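A closer look at the structure
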Amino acid sequence: MKAHISQAKKKTVLLYGLPPEQQSALAAIFEKEGTACRSVAENETAATLAQLLDGGALPPATGALSVTGKFAVLDGFENEELRAAAAQINSICPGVIKAARTAHNSGWSFHALCQELAAEHEAMTGGKS
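Residues numbered from 1 in each chain as written. Predicted model: local features only at pLDDT ≥ 70, side-chain atom pairs only at ≥ 80, totals over all residues. Heavy atoms only, no water.

In this section: the sheet that holds strand S3 (residues 71–75). Spatially, four strands are ordered S2-S1-S3-S4 in an open sheet, and the strand pairing comes out mixed. The open sheet is flanked by strand S2 (36–39) and strand S4 (97–100), the only strands paired with a single partner. Across this sheet, the average inter-strand angle for adjacent strands is 20°, counted without regard to direction. Alignment of strand S1 (residues 12–16) against S3, held across five bridges, turns out to be antiparallel. When the bridges of S3 are listed, Leu 14 appears paired with Val 73. Those strands touched by helix H1 (residues 20–32) are S1 and S2, and its axis lies near 160° from that of S2. (Pairing = 2+ DSSP bridges. Helix = DSSP H or I, 4+ residues; strand = E, 2+ residues; numbered from the N terminus. Axes fitted to C-alpha atoms, helices over the stretch in contact; angles between N-to-C directions. Contact = heavy atoms within 4.5 Å.)

See the structure below:
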């Protein structure tokens, strides 16, 4: 009988639009816990979440797709871990729009996800952070 060894999914946080000092503070917290923290560059916004999170080849730079706002995308977190990570982000960067990677949005471009999140945020808050 073969033993099945289960590996914990790697936890990653993608950050976009945060000032460098906030990115550094979050990276220090998450990396101490073994979570990778990656900043998404403006010229990477056409890449899908799968490409950004799984290390796939990024699309050729064809000019940046405009993304306005502060965003965090979390991957590999379980329910309670997700809540705790969101609270950590809120404590350092209030107003950041957060999302978790799902099977549904994994193929979306980072740009498209941020547009959708911003529209949902606007509808839910009336523009208030």
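On we go.
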